[in-house]
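Each chain, letter by letter, is given below.
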Amino acid sequence: GLYRYFPSKEAIIAAMADDERRMATLAFAEVRASDNFLLALSELCEKFAEAYAEPNRAAFAAELMAEAVRNPKFAAVAREAETKIRTEITALLRAGQELGHVEPTLDPAEASAVLMASADGLGLRMTFMNDFTAEDAAQALKNLVLRYLNPASTPIQIPSPTKNSVKKPTGASNYA
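Q: Can you walk me through the environment of Glu 20 in this structure?
A: Mapped onto the elements of the fold, Glu 20 is located in helix α1 (residues 9–33). Sequence spacing of Glu 20 and Ala 81 is 61 residues, and the spatial spacing of their C-alpha atoms is 9.2 Å.

Structural data, given as structure tokens:
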């Protein structure tokens, strides 16, 4: 019956993704308006983890990822939807930096990718591996947001290795 309203499976997924993005946009606006940006963002992550606690939702997300691997047309639609959300999260983090609520040395695009990958990974592990409860996943995401994005955290500077500073163990090959 859905095909009466949509010309293809890709169109159905695009419409679903647009609905998700609209809801995310509203949630991001609430974070921007909050007096405590990081706490509001961490609570949004908690809501995400609670949504993934529903087994059918996580299974559907996994199925979408699998379909994107098999179907190039579907993959293009899925990537476009993910790119739109990532762009919005990047803009949200950039706004947080401008307000002094997010670590200014972070690359907002990189940070949004890390947050999205962490949320997706925890959601899938919670459902398929059962090694996280919804509460555990929510707390892990909250910790990530509050520690990783916090401007009060002092970033650790790791020096770049030079040719002379990296020594291979005796007998090590290029394949070790």
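Q: Just checking my understanding: could you explain the pattern of salt bridges for this structure?
A: Side chains that carry opposite charge are capable of pairing whenever their charged atoms lie near each other. Taken as a whole, this structure holds four salt bridges when the rule is applied. Two residues, Glu 80 and Lys 84, come together in a salt bridge whose shortest N-O distance is 3.4 Å. Highlighted residues: Glu 80 and Lys 84, both in helix α4 (residues 72–98), separated by four residues, approximately one helical turn. Its relative accessible area of 47% is what places Glu 80 among the partly exposed residues.

Q: Explain the side chain of Glu 88 to me, please; I cannot follow it from the model alone.
A: As for its position among the elements, Glu 88 is in helix α4. Residue classification places Glu 88 among the buried positions, given a relative accessible area of 17%. Ignoring sequence-local partners within four residues, the contact set of Glu 88 consists of Arg 21, Thr 25 and Phe 28.

Q: Hey, could you run me through the confidence of the model for the protein in this one?
A: One rule of thumb: low pLDDT means the predicted coordinates there are not for detailed reading. Looking at the protein as a whole, the pLDDT averages 78, with 80% of positions reaching at least 70. Note on residues 165–176: pLDDT under 50 across the span, and three contacts to partners over four residues away in sequence or across chains.

Q: Explain helix α6 (residues 134–148) to me, please; I cannot follow it from the model alone.
A: Along an α-helix, a turn takes 3.6 residues, which lines up residues three or four apart on a common side. For α6, with 15 residues, the first-to-last C-alpha span of 21 Å sits near the 21 Å given by 1.5 Å per residue. Turning to α6, its buried residues are Ala 134, Ala 137, Ala 138, Leu 141, Lys 142 and Val 145. Angularly, the buried residues of α6 cover 135° about the axis, an arc narrow enough to put them on a single face. Exposed and oriented more than 90 degrees from the buried face of α6 are Glu 135 and Arg 147.

Q: Sorry, what's going on with the packing of helix α2 (residues 37–52) against helix α5 (residues 108–129) here?
A: Each packed pair of helices is defined by two parameters, the angle between the axes and the distance between the axes. Here α2 crosses α5 at 35°, and the two axes come no closer than 9 Å. With respect to the hand of their crossing, α2 and α5 are arranged in right-handed fashion. Between α2 and α5, the contacting residues are Phe 48, Ala 49 and Tyr 52 on the first element and Ala 119, Asp 120, Gly 123, Leu 124, Met 126 and Thr 127 on the second. Each residue belonging to the contact of α2 with α5 can be placed in one class, and the counts come to six nonpolar, two polar and one charged.

Q: What's the story with α4 in this structure? I'm lost.
A: For α4, spanning 27 residues, the distance from its first C-alpha to its last is 38 Å, which sits close to the expected 39 Å at 1.5 Å a residue. The N-capping residue of α4, defined by a side-chain oxygen 3.0 Å from the backbone nitrogen of Lys 73, is Asn 71. With its phi angle positive at about 85°, Gly 100 sits one or two positions after the end of α4.

Q: What exactly am I supposed to notice about the packing of α2 against α6 here?
A: Contact geometry for α2 and α6: axes closest at 8 Å, N-to-C directions at 155°. Classified by the angle their axes make, α2 and α6 are roughly antiparallel. As α2 runs across α6, the sense of the crossing is right-handed. Here Leu 38, Leu 39, Leu 41, Ser 42, Cys 45, Glu 46, Phe 48 and Ala 49 of α2 come into contact with α6, specifically with Ala 134, Ala 137, Ala 138, Leu 141, Lys 142, Val 145 and Leu 146. Grouping the amino acids of the contact of α2 with α6 by side-chain chemistry returns 12 nonpolar, one polar and two charged.

Q: What is the right way to read the side chain of Lys 142 from this model?
A: On the secondary structure map, Lys 142 appears in helix α6. A residue is classified by how much of its surface remains accessible, and Lys 142, at 15% relative accessible area, is buried. Discounting residues that sit within four places of it in the chain, Lys 142 has contacts with Ser 42 and Glu 46.

Cut-offs applied
Throughout this document, residue positions are counted from 1 along each chain, in the order its sequence is written. Thresholds applied to this predicted model are a pLDDT of at least 70 for local features of residues and 80 or more for the giving and counting of side-chain atom pairs; totals over whole chains, interfaces and linings are not thresholded and use all residues. Side-chain measures were taken over the full set of non-hydrogen atoms in the model, leaving aside hydrogen atoms and water. Numbering of helices and strands runs from the N terminus; a helix is a DSSP stretch of H or I covering at least four residues, while a strand is a stretch of E covering at least two. Any carboxyl oxygen of Asp or Glu within 4 Å of a side-chain nitrogen of Lys or Arg constitutes a salt bridge here. Throughout, exposure labels follow a simple rule: accessible area from a 1.4 Å probe, protein chains only, divided by the maximum for the residue type, with under 20% read as buried, over 50% as exposed, and the rest as partly exposed. The contact criterion used throughout is that any non-hydrogen atoms of two residues lie within 4.5 Å. The predictor rates its confidence in each residue with pLDDT, a number between 0 and 100. One fewer than the residue count of a helix, multiplied by 1.5 Å, yields its expected span. Along the arc lie the directions from the helix axis toward the C-beta atoms. Orientation is described by lines fitted to C-alpha atoms, with helices fitted over the stretch in contact, and by angles between N-to-C directions that extend from 0 to 180 degrees. Crossing handedness is defined as follows: a turn of the near helix away from the far one that is anticlockwise and smaller than a right angle gives a left-handed crossing, while the clockwise case is right-handed. Under the scheme applied, nonpolar residues are Ala, Val, Leu, Ile, Met, Phe, Trp, Tyr, Cys and Pro; charged residues are Asp, Glu, Lys and Arg; polar residues are all the others, including Gly. Whenever a nitrogen or oxygen atom comes within 3.5 Å of another N or O atom, the pair is scored as a polar contact, on the condition that within protein one atom can donate a hydrogen and the other can accept it, and that pairs from neighbouring residues in sequence are kept only if both atoms are in side chains. Here is the rule for angles: anything less than 35 degrees is roughly parallel, anything more than 145 is roughly antiparallel, 65 through 115 is roughly perpendicular, and the remaining ranges are oblique.

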